[in-house]
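Take a look at the letters that make up each chain.
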Amino acid sequence: MAKIVGGITTSHIPAIGNAIAKHKEQDPYWKPFFDGFPPVREWLNEVKPDVAVMIYNDHGLNFFLDKMPTFAIGAAEQFSNEDEGWGLPTLPPFKGDPKLSWHIIESLVENEFDITSCQEMKVDHAFVVPMQLLFAEKAGQTKTVPVCINTVQHPIPSPKRCYKLGQAIGRAVESYPEDIKVVVIGTGGLSHQLDGQRAGFINKKFDLMCMEKLVSDPESLTQMSARDLVREAGSQGAEFLMWLAMRGALTGRVTELRSNYHIPISNTAAGMMLLANAA
Ligand code: DHB
Ligand code: FE
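So, here is what we can say about the structure in this document. Every value quoted in this text rests on a predicted model; they were computed, and no experiment measured them. (Residues numbered from 1 in each chain as written. Chains lettered and ligands numbered in written order. Predicted model: local features only at pLDDT ≥ 70, side-chain atom pairs only at ≥ 80, totals over all residues. Heavy atoms only, no water.)

**A closer look at the nonpolar core**
So, step 1. Core analysis: the largest hydrophobic core is formed by 56 residues, its most contacted members being Val-53, Ile-55, Ile-104, Leu-108, Leu-165, Ile-169 and Phe-240.
So, step 2. Not counting residues within four places of it along the chain, the set of residues in contact with Ile-104 comprises Val-53, Ile-73, Val-145, Ile-169, Ala-172 and Val-173.
So, step 3. Residues Ile-13, Val-47, Met-54 and Ala-139 belong to the second largest nonpolar core, which totals 41 residues. (Core = buried A, V, L, I, M, F, W, Y, C linked by side-chain atoms within 4.5 Å. Buried < 20%, exposed > 50% of the residue type's maximum accessible area, 1.4 Å probe, protein only. Contact = heavy atoms within 4.5 Å.)

See below:
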């Protein structure tokens, strides 16, 4: 049977992708951020997951405001990237795992999650940048199942719903009959707001509380409404929903192996966590 070996969360800011393209990892601005990642890549090299379930939010490349599914899953052989206007290099397509994707979609729909299934899906910076950060030169060879949660067009789903989605993904993966190892990755966050009167808003106290509770008591975070989350984390800080979905998928004994928190990267409080999931 398939096993979930762990979960990883990271911010997905486009500027990170540009810093990678320009080899700026050791620049004073970037070093405190990038220094968090070598131990995570080492862990991935040791554990060697066969598939990454990538939980992220599309920002307008694949879905725009005219058609916005709350939850969507990609089920294609490959997923292409495209220029979004951030100056990021367009990378070769990422590998899919349509068989696992369809297994998850079927299981979720059976469990009352109404999923938009996508046999074609473009993946934006929220998928691509974390793949580069975590898998480096192996990003293109790693099989993926993209899972999109809407955090762009209101109404957005509640923290509780996203946590439950993660739990349902966890059960789906662990009922997959093949002996594969799966890592679940949630991208986005932590607190940030890119537009409006509160542009530049960051809430360190709230972020650190979320990182702690994500390990010790994730259910307590599901008591927040989506509105509470936007108020506390900023309108784009709602991307924390992806972290909660990741955590929901970890069904076993969870231990924090690594974490990093750094302000600012671009307009964002950048956070990273690596959680192991033991049976
Ligand atoms: C930034 C953050 C994001 O989450 C994003 O999707 C785009 C840009 C930023 O801080 O620049
Ligand atoms: Fe984002």
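**Details of the environment of Ser-235**
So, step 1. Looking at the element boundaries, Ser-235 is found in the loop between helix 9 (226-233) and helix 10 (240-249).
So, step 2. Assessed through its relative accessible area of 17%, Ser-235 is described here as buried.
So, step 3. Separated by twelve residues in sequence, Ser-235 and Gln-223 place their C-alpha atoms 18 Å apart.
So, step 4. Polar contacts involving the side chain of Ser-235 include one to the side chain of Gln-236, which spans 3.1 Å. (Helix = DSSP H or I, 4+ residues; strand = E, 2+ residues; numbered from the N terminus. Polar contact = N/O pair within 3.5 Å; in protein donor to acceptor, adjacent residues only side chain to side chain.)

**Here's the deal with the site of ligand 1**
So, step 1. Around ligand 1, the neighbouring residues are His-12, Ile-13, Pro-14, His-59, Trp-86, His-125, His-192, Leu-194, Glu-239, Ser-266, Asn-267 and Thr-268.
So, step 2. In the environment of ligand 1, an oxygen atom lies 2.8 Å from a nitrogen or oxygen atom belonging to the side chain of His-192.
So, step 3. The side chain of Ser-266 places a nitrogen or oxygen atom 2.6 Å from an oxygen atom of ligand 1.
So, step 4. Burial of ligand 1 by the surrounding chains reaches 96%, relative to a free accessible area of 290 Å².
So, step 5. Residue classes in the shell around ligand 1 are distributed as four nonpolar, seven polar and one charged. (Near = heavy atom within 4 Å. Areas by Shrake-Rupley, 256 points an atom, 1.4 Å probe, with all protein chains shown as cover. Nonpolar A, V, L, I, M, F, W, Y, C, P; charged D, E, K, R; others polar.)

**Some details on the pattern of salt bridges**
So, step 1. Going through the model one piece at a time under the given rule, you end up with six salt bridges.
So, step 2. The salt bridge involving Asp-66 is made with Lys-67; its shortest N-O contact spans 3.3 Å.
So, step 3. For Asp-66, a relative accessible area of 59% translates into the label exposed.
So, step 4. Via salt bridges that share partners, Asp-228, Arg-231 and Glu-232 belong to a single interconnected network. (Salt bridge = Lys/Arg side-chain N within 4 Å of Asp/Glu carboxyl O.)

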